Amino acid sequence: TAGADGGSGGGGGGTGAAVGGEAPQGKRPKGMLVVDSFLPGSKAEELLRPGDVLLEIDGQACLIFAALEGHLDASVGSEVPLRISRAGKEMEVSLCIEDLYSLVPHDFTECAGGVFHQ
């Protein structure tokens, strides 16, 4: 549930193969995945911070967002170990992967040009 982008937070990244295989169309990944944002109230909000750099997921380097997304989708309801770098310090966290649709509001109200959700 954490948003990430392929920022320029570093080069190579890890020793294992990237989760999900190679970069799209055989292209080489250009950077590390960096936490940009997350949904309020999610488990990711408790463990991750904007700027955290994802080094590994389940013991494998993860340099491609599509591969990360696929791995997280396949892990809904289970705990996934992550190795991250926060302010240059490596740390390991275990993140319980939540179903995105259970976190997104389904009821909306429109009033005076604003949209509100419960």
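Residues numbered from 1 in each chain as written. Predicted model: local features only at pLDDT ≥ 70, side-chain atom pairs only at ≥ 80, totals over all residues. Heavy atoms only, no water.

**Some remarks on the overall build of the chain**
Now for step 1: Of regular secondary structure, the chain possesses three helices and eight strands.
Now for step 2: Scanning the chain from its N terminus toward the C terminus, one meets helices and strands in the order β-β-α-β-β-α-β-β-α-β-β.
Now for step 3: The buried share of the chain, reckoned over its 118 residues, is 31%.
Now for step 4: A fraction of 56% describes how many contacts in the chain between residues 6 or more apart in sequence connect residues 24 or more apart.
Now for step 5: Accessible area for the chain stands at about 7400 Å²; split by element, carbon and sulfur atoms hold 52% of it. (Helix = DSSP H or I, 4+ residues; strand = E, 2+ residues; numbered from the N terminus. Buried < 20%, exposed > 50% of the residue type's maximum accessible area, 1.4 Å probe, protein only. Contact = heavy atoms within 4.5 Å. Areas by Shrake-Rupley, 256 points an atom, 1.4 Å probe, with all protein chains shown as cover.)

**A closer look at the side chain of R83**
Now for step 1: Among the secondary structure elements, R83 is positioned in strand β5 (residues 79–86).
Now for step 2: Looking at R83, its side chain comes within polar contact range of the side chain of E90, at 2.3 Å.
Now for step 3: Setting aside anything within four residues of it in sequence, one finds R83 in contact with V53, L54, L55, E56, E90, M91 and E92. (Polar contact = N/O pair within 3.5 Å; in protein donor to acceptor, adjacent residues only side chain to side chain.)

**Some points on the pattern of salt bridges**
Now for step 1: Overall, the coordinates contain three salt bridges when judged by the stated rule.
Now for step 2: Among the ionic pairs, R86 bridges to D52, the shortest N-O distance being 2.8 Å. Here the residue R86 occupies a position in strand β5, and D52 occupies one in the loop between α1 (43–47) and β3 (53–57), the gap between them amounting to 34 residues.
Now for step 3: Residue R86 is classed as partly exposed on the basis of its relative accessible area, which comes to 24%.
Now for step 4: For the salt bridge of E90 with R83, the shortest nitrogen-to-oxygen distance reads 2.3 Å.
Now for step 5: Where salt bridges share partners, they join E56, R83 and E90 into one cluster. (Salt bridge = Lys/Arg side-chain N within 4 Å of Asp/Glu carboxyl O.)

**Re the pairing of β3**
Now for step 1: With five of five residues buried, β3 lies mostly within the body of the structure.
Now for step 2: Alignment of strand β2 (residues 33–38) against β3, held across two bridges, turns out to be antiparallel. In the sheet register, V34 faces β3, and the bridge partner there is V53.
Now for step 3: Taken together, the four bridges between β3 and β5 define a ladder with antiparallel strand orientation. Residue pairing across strands places L54 opposite I84, the latter belonging to β5.
Now for step 4: Where β3 and strand β4 (residues 60–61) come together, two bridges link them in antiparallel fashion. Considered in β4, the bridge of I57 is made with Q60.
Now for step 5: Connecting β3 to the antiparallel partner β4 that follows it, the hairpin turn spans two residues, and D58 within it adopts a positive phi of roughly 55 degrees. (Pairing = 2+ DSSP bridges.)

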